[in-house]
Amino acid sequence: MTLSSGTRLGPYEIVSPIGAGGMGEVYRARDARLGRDVAIKVLPESVSRDPDRLARFEREARVLASVNHPNIAAIYGLEDSTAVKALVLELVEGPTLQDRIEDGPIPFDEARSIALQIAEALEAAHERGIVHRDLKPANIKLGGNDRVKVLDFGLAKALDAEPGGSSPDLTRSPTLSVGTQAGMIIGTAAYMAPEQARGKKADKRADVWAFGVVLFEMLTGRRLFEGETVSDVLAAVLKNEPDFALLPPGLPANARRVLSLCLQKDPKQRLHDIADARLELTRSESESPADVSLAAPAAPGSRRLPWAIAAAAVLLSIVLAGIAVRRGRTEPRAMKVNVLPPANTIGSGSIDISADGRRLAFVAAGPDGRTKLYVRDLDSLEPRALPATEGAGAPFFSPDGRSVAFFADRKLKRIDLAGGPPQVLADAADSRGGSWGAGQIVFSPQGGGPLVRVSPSGGAVTPVTALAASPKEVSHRWPRFLPDGKHFVFMNRRATAPHRLALEMASIDGGKRTMIADATSGAFYSGGRLYFLRGTTLLAQPFDPDRGALSGEPTPVTDQVWIDPDTDGYSAFALAADGTLAFRGGAVSQYQMTWLDRQGHPVGTVGSPGAIVAVTLSPDGRQAAFYSLDPDRDRSLVQTIDLAQGAVSLISDQASAQAFSPDGRSIVFASDLKGVFDLYQRDSRGSGSARLLLANDLWKFPESWSPDGRFLSFSQSKPVGAAGDSTDIWILPIAENGKAVPFRPSSSLQMFSAFSPDGRFLAYSSDESGVLEVYVQTFPATDAKWRVSSGGGSEPLWSRDGTELFYVAPSTTSGRRTLMTTSVHLSGHEFSADPPRPIFDAPLRGRGSSPSWPYAVSPDGKRFLAVLRVGESDSSPIVLFSGGGR
């Protein structure tokens, strides 16, 4: 179906055609909701009219959409109307690689840069089981800033027929489709692997072949396989050997090796993993083994030679990695392994690696949002879940790698990998990490406080550090032992600048502390260097552990290391004593305040994307208040925005969580200006100064203001060692300047309180059943209490007319959450509710370290202002580099 300019597909307006082929017609379109241009690929009728193949296409598209990589053109969604089935894609501007090759041979340095980015894209897809099968220069875009984007990933596979299904008709495209008795031939003839040309099943090795063909053509400026007809081209692919004499003189030996190993006609003899080609191309010529003659194809009796060379190259690269580091180089060189979280889970930033580099511990969350601890032996293909570790976070290995300590259920626990249940070692209300040395564990028992130590067998807890009063220190966190087992480095979080986030060194026996450097993470020591983050960049710098002093200049190791946007210093990297580096890629996730209708469709945005945590609407719906983090991670912000004018007002640049007054003229927020989060009140337009409402030694976060303006509900932490969980709901009589009192004392966690519009009820979340559920109780509290949710629920909000109660429940899909609603009936102090029902699933912001809402309800109840994740996925793999830190 041909679409004309101005045609609308849902929120997309067709602007102009881009191209057409057997895999669909492609158009430039304008996304009216998000104000951006996209590419619309309209599927051929052979797919859209075949239910089986359409279902398969949608399954493949969902898998493709999960691959977030800077060198892969993104899939934004599927658009389904009565007459048209279309794929919404990232619009990539710029020429294709085919255009560039037509200008002549590409110099090696430029060709290598392009090839490495293509390899990175293929590697990311192959790790998810996705094979391109139609890689060619026309499917590769050369964008701005030398960024390469690979298009149409996996679409050929998605359009292929299921075994026994109908055969696709793709003859209209420059992409070849020929029916054969053996199956289907899919792919452009000149770039198809021999097994594709024979109609056999193609796997990732077909992409390795196409990569070799594309690299050859970049270097020579001419086709590798040519012919007057498609049959002639296929015959050349099957019979002709590459003419390596056409390669430019002086081409580095490693580039010739890559071409030889990629262009083996027998897939069993071909390079099996594109990562090996990438690693070979990254090495300089001086690091490569001696060259071999590649001018002619190998004789039948010498087919094993390329693989012997490849094996020797890998072994040599490992040896060279150690040599390079001894010469002062810090970049990972030897071996890269990507570890994906188990199916239907999302990996968190919690990782550690054993001292010998043989085991990886990490945390992943299931669809219900509940985390669990996993360990993978690196000589094994699959991680194993450790029993009874639900709710786990911040794991760290014992020195011998046979046990893992972790935090869960407000406790420090350990579990022995040989078997047995976890053992409780100590209380830990809201921990910020730990480290296991020789016979001692040093850990942070709560978000605000010093470090303590305990025996690995449990017992008495003894302070190790003390918080200084001037400048005011808030928390000591993320300790890591140095090799002597006596000293350790840790992060010191102060209330004010300078050095608000800094690394220090201390001793297990107390005594003088040594300031090391400003940093945004804890640190690891290996091979004479200290590894730490500034922003999301991992740095390595020479370090003398005897003096606690850095020297020289820091050297970047890798950028875009994942950091937790809610917790200072919580970063996803770890280093083994043998130098093996593990990190989870991805910067701070970006979030956008987005208006959603009752069907979950975006209908507008507010402000710009950023590290936004929570949003609140004023009662009249004219202002939104939002809590976010600034780019350098040195402060958190509470701001308000006028929804009509777009004007933004700063309420506080050191704050977390907020609540509007009933008239919308003021806002209460939490700020840690004095070291703990106290409650302040300020004009909602940012004028005047803030007034202190409540200060004590505990962390407090505002949640809801009663409609008569008399009371503020807030959540307050409990001291370490207090009975029950870490948070309770309290009530502050604002109008009376009264004393704060607990709403309903409980041994369970209680948070996310929200006053009903008539002020007679308080909705809140509690884990008294074992998981967070939504409850409603009369206000002031009586024995009358009703449970609203089932199967998990938090962040409740009332509609402005009091007829609905909304809350967030876990989704059946990882990375998404479900907005629920129930019709409620209020009569005096009597409450009843209909069975809850889902409204929509969305990539809503997860619960942060402070009780705050990722959505708000418009006054008419017809729209929701939601904090939605955009861009990079939170479930990027853990990357392992052997020799990365030596």
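Our subject in this report is the structure included herewith. Nothing here was measured: the structure is a model prediction, and the numbers come from that model.

### Examining the overall build of the protein
So, point 1. For the protein, the helix and strand inventory stands at 11 helices and 59 strands.
So, point 2. Relative to its full complement of 886 residues, the protein shows a buried share of 58%.
So, point 3. Carbon together with sulfur atoms contributes 50% to the accessible area of the protein, which is approximately 35200 Å² in total.

### Focus: the sheet that holds strand β16 (residues 393-397)
In any sheet, the strands associate via hydrogen bonds between backbone groups, in a parallel or an antiparallel arrangement.
So, point 1. What the four strands build is an open sheet, ordered β16-β17-β18-β19; its pairing is antiparallel. Strands at the two margins of the open sheet, each flanked by one partner only, are β16 and β19 (423-427). The average angle at which neighbouring strand axes cross in this sheet is 25°, direction not considered.
So, point 2. Where strand β17 (residues 403-408) and strand β18 (residues 411-416) come together, six bridges link them in antiparallel fashion. Across the sheet, Ala405 pairs through a bridge with Arg414, a residue of β18.

### Topic: the packing of helix α4 (residues 108-127) against helix α7 (residues 204-220)
So, point 1. Close contact between α4 and α7 brings their axes to 10 Å; oriented N to C, the two are set at 165°. Judged on the interaxial angle alone, α7 and α4 are roughly antiparallel. Read as a crossing pair, α4 and α7 show a hand that is right-handed. The residues of α7 that touch α4, namely those facing Phe108, Ala111, Ile114, Ala115, Ile118, Ala119, Leu122 and His126, are Lys204, Asp207, Phe211, Val214, Leu215, Met218 and Leu219.
So, point 2. When the residues that make up the contact of α4 with α7 are grouped by side-chain class, the tally is 12 nonpolar, one polar and two charged.

### Side note on the nonpolar core
So, point 1. Counting 60 residues, the largest nonpolar core has Leu97, Ile118, Leu135, Phe153, Phe211, Met218 and Leu219 as the members making the most contacts within it.
So, point 2. Counting 26 residues, the second-largest nonpolar core is a separate cluster that includes Val339, Leu538, Ala540 and Ala576.

### Describing the pattern of salt bridges
So, point 1. Under the definition given, this model contains 34 salt bridges.
So, point 2. Ionic pairing is found between Glu504 and Arg513, a salt bridge with its closest N-O pair at 2.8 Å.
So, point 3. With its nearest N and O atoms 2.8 Å apart, the salt bridge here joins Lys785 to Glu768. One end of the pair, Lys785, is in strand β51 (residues 785-787); the other, Glu768, is in the loop between β49 (761-766) and β50 (773-778), with 17 residues separating them in the sequence.
So, point 4. Residue class for Lys785 comes out partly exposed when judged on its relative accessible area of 27%.
So, point 5. What makes Glu768 partly exposed here is its relative accessible area of 34%.

### Brief notes about α4
So, point 1. For α4, built from 20 residues, the straight-helix expectation of 28 Å at 1.5 Å per residue is met to within 8% by its first-to-last C-alpha distance of 28 Å.
So, point 2. Of all 20 residues making up α4, 14 are buried, and the element is well covered by its neighbours.

### Digging into the sheet that holds strand β23 (residues 462-463)
So, point 1. Strand order in the open sheet made by the four strands is β20-β21-β22-β23, with antiparallel pairing throughout. Of all the strands in the sheet, the pair left with one neighbour each is β20 (434-436) and β23.
So, point 2. Pairing between strand β21 (residues 441-443) and strand β22 (residues 452-454): three bridges, direction antiparallel. From the neighbouring strand, Val442 faces β22, where its bridge partner is Arg453.

### Quick word on the environment of Asn737
So, point 1. Counting through the fold element by element, Asn737 comes out in the loop between β46 (727-733) and β47 (741-742).
So, point 2. Each C-alpha atom, one on Asn737 and one on Arg710, is 9.4 Å from the other, the two residues being 27 residues apart in sequence.

### Thoughts on unusual backbone geometry
So, point 1. Between Phe779 and Pro780 the backbone carries a cis peptide bond, its omega angle lying at -5°.
So, point 2. Within the secondary structure layout, Pro780 lies in the loop between β50 and β51.

### As for the environment of Ala740
So, point 1. Assignment of secondary structure puts Ala740 in the loop between β46 and β47.
So, point 2. For the pair Ala740 and Leu712, spaced 28 residues apart in the sequence, the C-alpha separation amounts to 9.3 Å.
So, point 3. Aside from chain neighbours lying at most four places away, what touches Ala740 is Leu694, Phe714, Trp730, Ile731, Leu732 and Pro733.

### A few points about the packing of aromatic side chains
So, point 1. This model, assessed by the stated rule, comprises 23 aromatic pairs.
So, point 2. Look at Phe524 and Phe573: their rings are 5.3 Å apart centre to centre, the planes differ by 65°, and that puts the pair in the edge-to-face class. Residue Phe524 is located in strand β28 (residues 524-526), and its partner Phe573 is located in strand β33 (residues 573-575); the two are separated by 49 residues in the primary sequence.
So, point 3. Seen from their ring centres, Phe743 and Tyr764 are 6.1 Å apart, and the 75° between their planes marks the pair as edge-to-face. Remark: Tyr764 occurs in strand β49 and Phe743 occurs in the loop between β47 and β48 (750-755); sequence separation between them is 21 residues. Of the two residues examined, Phe743 and Tyr764, each falls in the buried class.
So, point 4. Of the aromatic side chains, those joined through ring pairs into one cluster are Phe711, Phe743, Phe755, Tyr764, Tyr775 and Phe779.
So, point 5. Note that Arg845 overlies the ring of Tyr591, its terminal NZ or CZ placed 4.4 Å from the centroid.

### Re the pairing of strand β30 (residues 537-544)
So, point 1. Here strand β29 (residues 529-534) pairs with β30 via six bridges, running antiparallel. Across the sheet, residue Leu530 finds its bridge partner in β30, namely Gln541.
So, point 2. Once β29 ends, the chain turns through two residues before running back antiparallel as β30, passing Gly535 with a positive phi of about 65°.
So, point 3. With three bridges connecting them, β30 and strand β32 (residues 555-558) associate as antiparallel partners. Bridge pairing in β32 links Leu539 to Pro556.
So, point 4. Here β30 pairs with strand β31 (residues 549-550) via two bridges, running antiparallel. In the strand pairing of β31, Asp544 is matched with Ala549.
So, point 5. The loop that links β30 with its antiparallel partner β31 comprises four residues; one of these, Gly548, has a positive phi angle of about 70°.

### Quick word on the pairing of strand β52 (residues 794-798)
So, point 1. A large share of β52 lies buried, amounting to five of its five residues.
So, point 2. Between β52 and strand β53 (residues 804-810), which pair antiparallel and follow one another directly, the connecting turn spans five residues, one of which, Gly802, has a positive phi of 75°.

### Here we look at the packing of α7 against helix α9 (residues 253-262)
So, point 1. Two numbers describe how α7 lies on α9: the axes approach to 8 Å, and their chain directions differ by 135°. Regarding the angle of α7 to α9, the classification is oblique. When you trace α7 past α9, the crossing you get is left-handed. Facing α7, whose interface residues are Val208, Trp209, Phe211, Gly212, Leu215, Phe216 and Leu219, α9 presents Val258, Leu259 and Cys262.
So, point 2. For the contact of α7 with α9, a count of residues per class yields nine nonpolar, one polar and no charged.

What counts, and at which threshold
- Residues numbered from 1 in each chain as written.
- Predicted model: local features only at pLDDT ≥ 70, side-chain atom pairs only at ≥ 80, totals over all residues.
- Heavy atoms only, no water.
- Helix = DSSP H or I, 4+ residues; strand = E, 2+ residues; numbered from the N terminus.
- Buried < 20%, exposed > 50% of the residue type's maximum accessible area, 1.4 Å probe, protein only.
- Areas by Shrake-Rupley, 256 points an atom, 1.4 Å probe, with all protein chains shown as cover.
- Pairing = 2+ DSSP bridges.
- Axes fitted to C-alpha atoms, helices over the stretch in contact; angles between N-to-C directions.
- Parallel < 35°, antiparallel > 145°, perpendicular 65-115°, else oblique.
- Left-handed = near helix turned anticlockwise from the far one by under 90°.
- Contact = heavy atoms within 4.5 Å.
- Nonpolar A, V, L, I, M, F, W, Y, C, P; charged D, E, K, R; others polar.
- Core = buried A, V, L, I, M, F, W, Y, C linked by side-chain atoms within 4.5 Å.
- Salt bridge = Lys/Arg side-chain N within 4 Å of Asp/Glu carboxyl O.
- Expected span 1.5 Å × (residues − 1).
- Phe/Tyr/Trp six-rings, centres within 6.5 Å; stacked < 30°, edge-to-face > 60°.
- Lys NZ or Arg CZ within 6 Å of the ring centre and 35° of its normal.

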